[in-house]
Amino acid sequence: MSNCCTPDGSCHTTAEVKTIYKAEGIGSAHCQGVVTRAVGGLDQVTAVEVEIGTGLVTVTTSTEPDAALDELIAKTIDEAGYDFVGRAAA
């Protein structure tokens, strides 16, 4: 039995779920950094990648984001000064 398994034989692995969101107004490295720091500071978020120009924000979490997390990300991006558009097609 590996160290990730419980005595009953079930294993817990760290899953990574990537969800892509769209925001408008991310046109420079400064903007990229602002959004990365804001979204990356959320407890549920393990990693963030922000594309300059396209406004695509790839958020990595350990579980599938629900509506509450989507709303929190939207609020966080809006409060950072950018326009949250919604989830983007993968």
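Residues numbered from 1 in each chain as written. Predicted model: local features only at pLDDT ≥ 70, side-chain atom pairs only at ≥ 80, totals over all residues. Heavy atoms only, no water.

Enquirer: Please set out the overall build of the protein chain residue by residue, giving values where relevant.
Expert: Scanning the protein chain from N- to C-terminus turns up two helices and four strands. Ordered by position from N to C terminus, the α and β elements of the protein chain give β-α-β-β-α-β. The 90 residues of the protein chain split such that 34% are buried. Considering only contacts within the protein chain whose residues lie at least 6 apart along the sequence, 63% involve residues at least 24 apart. With an accessible surface of roughly 5500 Å², the protein chain has 52% of that area assigned to carbon and sulfur atoms. (Helix = DSSP H or I, 4+ residues; strand = E, 2+ residues; numbered from the N terminus. Buried < 20%, exposed > 50% of the residue type's maximum accessible area, 1.4 Å probe, protein only. Contact = heavy atoms within 4.5 Å. Areas by Shrake-Rupley, 256 points an atom, 1.4 Å probe, with all protein chains shown as cover.)

Enquirer: Requested: an account of the packing of aromatic side chains, with residues and values cited.
Expert: This structure, assessed with the given rule, holds one aromatic pair. Ring centres 5.9 Å apart and planes at 45 degrees place the aromatic pair Y21 and F84 in the tilted group. Of this pair, Y21 sits in strand β1 (residues 17–24) while F84 sits in strand β4 (residues 83–87), and the two are 63 residues apart along the sequence. F84 sits in the partly exposed class, given a relative accessible area of 22%. (Phe/Tyr/Trp six-rings, centres within 6.5 Å; stacked < 30°, edge-to-face > 60°.)

Enquirer: Can you explain the sheet that holds strand β3 (residues 56–61)? Please cite residues and give values.
Expert: Here four strands make up an open sheet; going across it, the order is β2-β3-β1-β4 and the pairing antiparallel. On the outer flanks of this sheet lie β2 (45–50) and β4, each paired with one strand and no other. Across this sheet, the average inter-strand angle for adjacent strands is 30 degrees, counted without regard to direction. Together, β1, β3 and β4 form the strand contacts of helix α2 (residues 67–79), whose direction differs from that of β4 by roughly 155 degrees. (Pairing = 2+ DSSP bridges. Axes fitted to C-alpha atoms, helices over the stretch in contact; angles between N-to-C directions.)

Interpretation note: all reported values are geometric properties and have no functional meaning in isolation.
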